[in-house]
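Here are the chains, one letter per residue:
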Number of protein chains: 2
Amino acid sequence: MKELLYLKDDQLKDLIEKIFIGYRETFSDSKKILDKYSIGLAHQKVIHLLSMYEGISISKLLAKLKVTKQSLNRVLKDLIKLEIIVFKKDEIDTRIKHVYLNEKGKKIFEEIFLLQKKRIYKALLDSSSEEVINFDKVLKKIING
Amino acid sequence: MKELLYLKDDQLKDLIEKIFIGYRETFSDSKKILDKYSIGLAHQKVIHLLSMYEGISISKLLAKLKVTKQSLNRVLKDLIKLEIIVFKKDEIDTRIKHVYLNEKGKKIFEEIFLLQKKRIYKALLDSSSEEVINFDKVLKKIING
DNA sequence: ATTATAGGTAAGTTATATTGACATATTATA
DNA sequence: TATAATATGTCAATATAACTTACCTATAAT
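Residues numbered from 1 in each chain as written. Chains lettered and ligands numbered in written order. Predicted model: local features only at pLDDT ≥ 70, side-chain atom pairs only at ≥ 80, totals over all residues. Heavy atoms only, no water.

S.K.: I tried to follow the layout of surface pockets on my own but got confused; where do I start?
M.R.: Vacant regions in the atomic arrangement are exposed by a probe of water-molecule size rolled over the atoms. Its volume calculated, the largest pocket comes out at about 450 Å³. A:Arg24, B:Lys45, B:Leu65, B:Lys66 and B:Val67 are, among the 24 residues lining the largest pocket, the residues nearest its centre. When contributions to the lining of the largest pocket are tallied by element, the ones reaching two or more residues are α1 (9–26), α2 (31–36) and α3 (41–52) of chain A together with α3 (41–52) and α5 (69–81) of chain B. (1 Å grid on protein atoms, 1.4 Å probe; cavity = no way out; pocket = protein on both sides within 12 Å on 5 of 7 lines; lining within 4 Å. Points joined across faces, edges and corners; volume = space filled by probe spheres on them. Helix = DSSP H or I, 4+ residues; strand = E, 2+ residues; numbered from the N terminus.)

Right, dumping it as structure tokens:
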């Protein structure tokens, strides 16, 4: 019979609150840069994914973001206006559109990321390897449900 | 000189994506119950905090949520209509209003929480004590910047 | 008496998302 | 080859949650 403290409701509530705060703070540190380019959180997330997955297709972007295509298209249009993304048709299946950040886009991502990563970097630097590895492990388990 | 893999940009990007997904999934599992009561994510967060901090004041709620009072008041009005919160004036400083979930409110919270905590509970149950403790530790460090 | 704090409210706006319906091009398949 | 499925785009309307600016009352502290 498990009677671990951290499986009790109060601890779970506490953890859920922390997950919320961790997310909110991680995605608000870069607000000044976003304002500079008149974009928001939704744009930041798309730019982040484009930096991680160069040439990702629209449908894969949608699957990662879990938003509707109407919602994503609004954001993409803004990024086109900002002139920071480009598209390339798939050479085999021309229905598929691959999305890339151009040089300007990469620079803007770096500006955003420089601010955003500080919080995480500092937290990891201040932790042992084992702590970091375990943090990642549990986070993965939470994600995978 | 630190040369740890997990301090490299690619790993930080990966972690930031996971923090986003972890938050999103953790706060979407209970959507069906929220729909049942015609409330949303903002209400869920307030109810969660009211369950954690019984009798919390308005200003402390605002500080935890980091939203404007106009925004909070909209949510509180909905919760009043739903008849799930009550207020009590502070006995010493009558400017301060303490907010509580009533019995109906506590029941609705439990309905929400039952769905929401499953994901976390499962992840923790599937982890060692050390993993859980380290997850919490690093998360705290991320929060505290 | 003045200032600070706790809280409320009104009007207008913005950001991000939704649903539903429909359209086009391309690829896969019976 | 005809048909179905896939990938993407778009229009219109609506919802959710937040914001800014401004002003208000009541109470407490100095």
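There's plenty left to go through after this.
S.K.: What am I meant to see in the relation of the copies chain A and chain B here?
M.R.: Both copies of the chain are tied together by a single rotation about an axis and a shift running along it. Take chain A, turn it by 180 degrees, move it 0.0 Å along the axis, and it overlays chain B with an RMSD of 0.0 Å. Each copy turns onto its partner about a two-fold axis. Of the C-alpha atoms belonging to chain A, the one lying closest to the rotation axis is found on A:Phe135, 2.0 Å away. Both copies present the same face, since 100% of the interface residues in chain A are matched by interface residues at the equivalent positions in chain B. (Least-squares fit on C-alpha atoms with pLDDT ≥ 70 in both. Contact = heavy atoms within 4.5 Å.)

S.K.: What is the right way to look at empty space enclosed by the protein in this model?
M.R.: Under the criterion given, the structure shown has 3 cavities of 30 Å³ or more. Roughly 70 Å³ of volume is contained in the largest cavity. Taken together, A:Lys18, A:Ile19, A:Gly22, A:Tyr23, A:Phe135, A:Leu139, A:Ile142, B:Ile19, B:Gly22, B:Tyr23, B:Phe135 and B:Leu139 form the lining of the largest cavity. For the lining of the largest cavity, the secondary-structure elements that each account for two or more residues are α1 and α7 (129–143) of chain A together with α1 (9–26) and α7 (129–143) of chain B. Looking at which element gives the most residues to the lining of the largest cavity, the answer is α1(A), with 4 residues. For the lining of the largest cavity, the per-class residue count stands at 9 nonpolar, 2 polar and 1 charged. (Nonpolar A, V, L, I, M, F, W, Y, C, P; charged D, E, K, R; others polar.)

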